[in-house]
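Analysis of the macromolecular model
In case you want the letters, here they are:
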Amino acid sequence: VAFSVEWVYIWKLCLLLTYCPDILFSQTSKNQIKVDLVDENFTELKGEIAGPPDTPYEGGRYQLEIKIPETYPFNPPKVRFITKIWHPNISSVTGAICLDILKDQWAAAMTLRTVLLSLQALLAAAEPDDPQDAVVANQYKQNPEMFKQTARLWSHVYAGAPVSSPDYTRKIDKLCAMGFDKNAVIVALSSKSWDVETATELLLSN
């Protein structure tokens, strides 16, 4: 049976609204999460979550890429962080996420609201023994205070959170003054325990 483009469009809208009622409300909710349509095919959405209070991410706003597969809602959406973030369960390079409900623990009854709230919960309670980013997880376990300061700095630089450690900022400025790219400097210092000498060596080797 052939269906017109209009009927396919309406069917996709009904399906998405059934399992993703969140998209009806693009404004920020009391949980400070929101979802917006990106294209009229309903295959790509943009999510946003606020950093949870009493965490290094507080005050930041994090953009998410959400792709809806053809098999949705029987398979989970594909989600990654667009905003750079320093977290054991999120890749600091690609934004890929290690979260069970986006893998084998997904259930068809779940909604995008479930996903976004779960991501907020993940920011508040990392699982370093099941990491997506081994470097971040190691820092989280070996030097918790440095992890917090580093995560707070990334939140400030990339997610608009309040100003973080002035000492870390000075180190970034010092290496940027040498002509290195700011993003590369932040990654190098973060991964080298904020040691300027070893971070410089890493930057020169690249």
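What you see is a predicted model; the values in this text were computed from it and never measured. (Residues numbered from 1 in each chain as written. Predicted model: local features only at pLDDT ≥ 70, side-chain atom pairs only at ≥ 80, totals over all residues. Heavy atoms only, no water.)

1. Regarding the pattern of salt bridges
Taken as a whole, this structure holds five salt bridges when the rule is applied. Here Glu-65 makes a salt bridge to Arg-80, at a shortest N to O gap of 3.1 Å. With Glu-65 in strand β3 (residues 61-67) and Arg-80 in strand β4 (residues 78-81), this pair connects stretches of sequence that are 15 residues apart. Arg-80 gets classed as partly exposed once you look at its relative accessible area, which sits at 32%. Three or more residues are tied together by salt bridges with common partners; here these are Asp-167, Arg-170 and Lys-171. (Salt bridge = Lys/Arg side-chain N within 4 Å of Asp/Glu carboxyl O. Helix = DSSP H or I, 4+ residues; strand = E, 2+ residues; numbered from the N terminus. Buried < 20%, exposed > 50% of the residue type's maximum accessible area, 1.4 Å probe, protein only.)

2. Here's the deal with the packing of aromatic side chains
Summed over all chains, the structure comprises seven aromatic pairs. Between Tyr-57 and Tyr-62, the aromatic rings sit 6.2 Å apart at their centres with planes inclined by 75 degrees, giving edge-to-face as the arrangement. Classification of Tyr-57 by relative accessible area gives buried; the value is 1%. Joined through ring pairs, the aromatic side chains of Tyr-57, Tyr-62 and Phe-81 make up one cluster. (Phe/Tyr/Trp six-rings, centres within 6.5 Å; stacked < 30°, edge-to-face > 60°.)

3. What to know about the layout of surface pockets
Space inside the largest pocket adds up to approximately 180 Å³. Around the largest pocket, the lining residues are Asp-54, Thr-55, Pro-56, Tyr-57, His-87, Leu-123, Ala-124, Ala-126, Tyr-140, Pro-144, Phe-147 and Lys-148. For the lining of the largest pocket, the secondary-structure elements that each account for two or more residues are α2 (112-124) and α4 (144-159). Looking at which element gives the most residues to the lining of the largest pocket, the answer is α4, with three residues. (1 Å grid on protein atoms, 1.4 Å probe; cavity = no way out; pocket = protein on both sides within 12 Å on 5 of 7 lines; lining within 4 Å. Points joined across faces, edges and corners; volume = space filled by probe spheres on them.)

4. Focus on the UniProt feature "active site" (unreviewed entry) in the protein chain
What UniProt calls "active site" (unreviewed entry) maps, in this numbering, to Cys-98. Mapped onto the fold, Cys-98 is located in the loop between β4 and α2. For Cys-98, the contacting residues outside a window of four places in its chain are Asn-89, Lys-103, Leu-122, Asp-130 and Gln-132. (UniProt positions renumbered as here; feature names shortened; annotations may be inferred. Contact = heavy atoms within 4.5 Å.)

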